[in-house]
Each structure stands twice: as structure tokens, then as C-alpha cells.
Amino acid sequence: MKVLVINAGSSSLKYQLIDMKTETLLAKGHCGRIGIDGYLKHKPLVGEKPCYYENIPLPTHDDALKAVVHMLTSPEYGVIESMSEIAAVGHRVLHGGEAFTSSVLVNDEVMQALERCIPLAPLHNPAQITGIHACTHIMGDIPQVAVFDTGFHQTMPPRAFLYAIPYEYYENDQIRRYGFHGTSYRYVTAAAAEMLGRPLESLKLISCHLGNGSSVAAVEYGKCIDTSMGLTPLPGLPMGTRCGDIDSAVLQFLMKKYGYTIDEMLHILNKKSGMLGLSGVSPDFRDLLHAAEEGDTRCRLALDIFTYQAAKVVGSYVAALNGVDAIIFTAGIGENSPQVRAEILSHFGYLGCCVNEEANAQCYGHDHWTDISGPGSAVKLLVIPTNEELVIARDTRDIVHALRRQKKA
Ligand code: AMP
């Protein structure tokens, strides 16, 4: 069974085609600047086919998906002969609110529920709904599955997900912590259990998803009990351009003083803050690490703030879990920066954490799962490259198989 995984943004559409018999990635790529001018980047990963990268007009997501299907089936760049080889489509959907605790087969009822989740993610969910519609327009009645970033965190208890504001905002408006990066956490926690040779249901895990967006999750016996992002992906750790946790009264101060509208203020907190705002140089950790090494004190400070805040969150989750068996690092920074990992872990000597410095230093830029714990470390320290697309494809396969069994019965 071949599954097409789609991650639609407001002007982009990323895709991967995965053969689920062997879990082999056949091709991946992305359409960008949809509705502006348009380009398509395509990379076949089987056979000797060349890559494709051209500016092509992409007025709508329908046009983008048409171009993707054309690429996947083209004699020159393609990896399949016809669209009929694609058995199902799995969509990444950012926000499922409280309506979705796990992945679902898309139908009219689900589409209505997705529409109702738009106020919770007004920047992301509409694009992902558009992506689903594009598949229906271009691929007909192919089964489609929605996989939610928030789903994994729905096991959090109220004491972790409620904000201390009047309760009616939760009851009437569903204002609460939801958390994100759920598919990534599902992948890395299952992988950690496999690495440790223990059932996931027996482990207390803290997972640090450190990328352009960063969050941490506490996972007890396979279930999320707390996570650092909230109603939106803005709070928690400072990130590339997001501020992370902040005193909400700062907004009022700045809006009054500079006359910002609420949209302008949120734009500053989402796009101009974090590592970019602190350093004045870049949101990219590669640039920050390089500049800090060259003596840039603000880049050094930005990195210090990031690793200090990350350590504080990890420490608070050690308390929430009342112990921890393993700390996992994943995503762009977590997988590739020995220095950031070492700085965060330097706060956990008291727990008996011991880093294998050589293994840590050599762990970057590859796909392996790596144990960077030193001899006798009381907590296992693991670096696990995430694979959200594979989780989406697996859910899609499982749901479609269940549907077929149901139809046969
Ligand atoms: P992601 O959102 O998971 O794609 O991660 C993107 C982030 O990973 C960016 O901030 C990059 O700077 C960071 N990153 C990628 N490679 C490295 C590296 N070798 N060292 C430090 N940070 C990296």
C-alpha cells in the first residue's frame, strides 16, 4: 500500500510518498509560494531519477496537488506509473481541539468538526482543510485520514491543561492547553521504548522536540501528562522567532506605549521574538552557535536563555513524573547540536545524568537512533531523529485497513 502524506500550509504543500509494505520513502518534495507565483521541488528517492526544481505557476492548492501527482507519475521524475497506485492520503492537521483524540478517516462530519476547530488555529487549520479539499478535487474518493498535532496530548489531566482563568472560558470557549508536535512525540517515545528494550507502558520519558518550534513533553507509561506549548504553539520555550512564556501584562504595556494593535503585537511575539529578537542576528541555531563562537555576546545570551529555559521545563517534568527513565532529544536542534544538548543536560547532574561526551559530539546529521548516556548514567539520554510523516502514514494505513475489514464483514 502506498500512502501520500500531505502537510498543507497557507502558501505551501509538503508531500512524501511512502510504500507501507516496507516503510520506504519513495519521493518527497514541496510546493511553495502557492497563490503568489509558485515553485515545485521534487526528489525521487528510488531508482536513478533526477530531482526537479522549477518555478511553475501555482494559483491554488488544487494546482499544486495536480503538479505533485504529475511529478509522482511522470516518466522522467516519477516513482509510480499512475495515481491509482496511491491507496490513501494522510494529512497533518495542526489543531483537533478536544474533538479529536486520535487520527480519523475524513468524512463530512469530520470536515464540519475541523471547521469548528478553526478559531483555535486560524492560521493553520484553514490551509489544511484546503489541502483535504484539493485531494478530493484531484484524487476523487480516495480515503483520506487526518492526523492531529494535538491528539497525543489529549491524555493530559485537567490540572495540567487548565489555565487559572475563570472556568467559564474553558467551558464556553475551550480555552486550555492543547500542546503540539504530538506525532513527533508518538514516534520518538515508541522508538525510545524499542531502544531501551522495555514496554512503553513501563517508562517515564521526557522528550525535547527542539526545532524551529520547540516544545517538551512529559510522557508517563505511554501517555502525555504535560507539555510546554499551550492553546497555540506560542508559549513554553523561547523558539526561533517565538517568545515562549511571557508575562501577559507585557502585551498591555507595549501596546499602550507603541500603539500596536493586537495583531501587530502577536506578530512581534510570533515572528520577531525568540532567538531572532534576542540576538538581533538570526533565528537559526547554526548562525547563533557560529556567531557566539566568534564572540557575539547577544548570540551567546540567546543560547543561554534557550538552554536555561529548556532545562527548567525538563526539571519541572522530572517533578511532574516523579522520576525519569530517559530524556530524548529530537528535531533540527535536538538531533544536530551536541552543544545545546550538553548545555541542557549539564543541569541534571543531581539526577545522576552522565553524558558520553564522545557519543554526543559525534551525534549530528544522521538518521540513527543514538544512546549518548555515559557509563552508569541513572537516566538514559537518547537522540532520536523524528519521523512525523511515517506516523501519519502508519495511522493512515491502519485506518484504511480497518475500513476494508469493516466493508468485508
Ligand atoms: P526543524 O524545525 O526541526 O526543521 O529545525 C530547524 C532548526 O534546527 C533551525 O533552528 C536550525 O538552526 C536547527 N539546526 C539544524 N541543523 C543544526 C545544527 N547542525 N546545529 C544546530 N542547529 C541546527
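Attention here is on the structure that accompanies the text. Bear in mind that the values here come from a model prediction, so they are computed numbers and not experimental data. (Residues numbered from 1 in each chain as written. Predicted model: local features only at pLDDT ≥ 70, side-chain atom pairs only at ≥ 80, totals over all residues. Heavy atoms only, no water.)

1. Here we look at the packing of helix H6 (residues 182-196) against helix H15 (residues 388-408)
- With their axes 8 Å apart at the nearest point, H6 and H15 run at an angle of 90° to one another. Taken together, H6 and H15 sit at an angle that is classed as roughly perpendicular. Contact with H6, carried on its side by Thr183, Ser184, Arg186 and Tyr187, involves Glu388, Leu390, Val391, Ile392, Arg394 and Asp395 of H15 and no other residues of that element.
- The residue makeup of the contact of H6 with H15, split by class, is four nonpolar, two polar and four charged. (Axes fitted to C-alpha atoms, helices over the stretch in contact; angles between N-to-C directions. Helix = DSSP H or I, 4+ residues; strand = E, 2+ residues; numbered from the N terminus. Parallel < 35°, antiparallel > 145°, perpendicular 65-115°, else oblique. Contact = heavy atoms within 4.5 Å. Nonpolar A, V, L, I, M, F, W, Y, C, P; charged D, E, K, R; others polar.)

2. Observations regarding the side chain of threonine 307
- Counting through the fold element by element, threonine 307 comes out in helix H11 (residues 297-321).
- Owing to a relative accessible area of 5%, threonine 307 belongs among the buried residues under this scheme.
- What threonine 307 contacts, discounting residues up to four positions off in sequence, is Val340, Glu343 and Ile344. (Buried < 20%, exposed > 50% of the residue type's maximum accessible area, 1.4 Å probe, protein only.)

3. Considerations on the site of the ligand
- Around the ligand lies a shell formed by Gly211, Asn212, Pro283, Asp284, Phe285, Arg286, Leu289, Ala331, Gly332, Ile333, Asn336 and Ser337.
- The backbone of asparagine 212 places a nitrogen or oxygen atom 2.8 Å from an oxygen atom of the ligand.
- Within the backbone of phenylalanine 285, one N or O atom sits 2.9 Å away from an oxygen atom of the ligand.
- In the complex, 71% of the free accessible area of the ligand, which totals 500 Å², lies under the protein chains.
- Looking at the shell around the ligand, the elements that each hand over two or more residues are helix H10 (285-293) and helix H12 (331-336).
- Considering every element that reaches the shell around the ligand, the biggest residue donor is H12, with four residues.
- When grouped by side-chain class, the residues that make up the shell around the ligand number five nonpolar, five polar and two charged. (Near = heavy atom within 4 Å. Polar contact = N/O pair within 3.5 Å; in protein donor to acceptor, adjacent residues only side chain to side chain. Areas by Shrake-Rupley, 256 points an atom, 1.4 Å probe, with all protein chains shown as cover.)

4. Brief notes about the sheet that holds strand S4 (residues 39-44)
- In spatial order, the strands read S5-S4-S3-S2-S1-S6-S8-S7; together these eight strands make up an open sheet with mixed pairing. The open sheet has two edge strands, strand S5 (52-55) and strand S7 (104-105), and neither has a second partner.
- Inspection of the sheet shows S4 paired to S5 by four bridges, in the antiparallel sense. Looking across to S5, one finds that lysine 41 is bridged to tyrosine 53.
- Packed onto the sheet, helix H3 (residues 125-139) meets strand S1 (2-8), strand S6 (86-93) and strand S8 (144-148) and runs at close to 165° relative to S6.
- The strands that H15 touches are S1, strand S2 (13-19), S6, S7 and S8; relative to S6, the one it contacts most, it runs at about 125°. (Pairing = 2+ DSSP bridges.)

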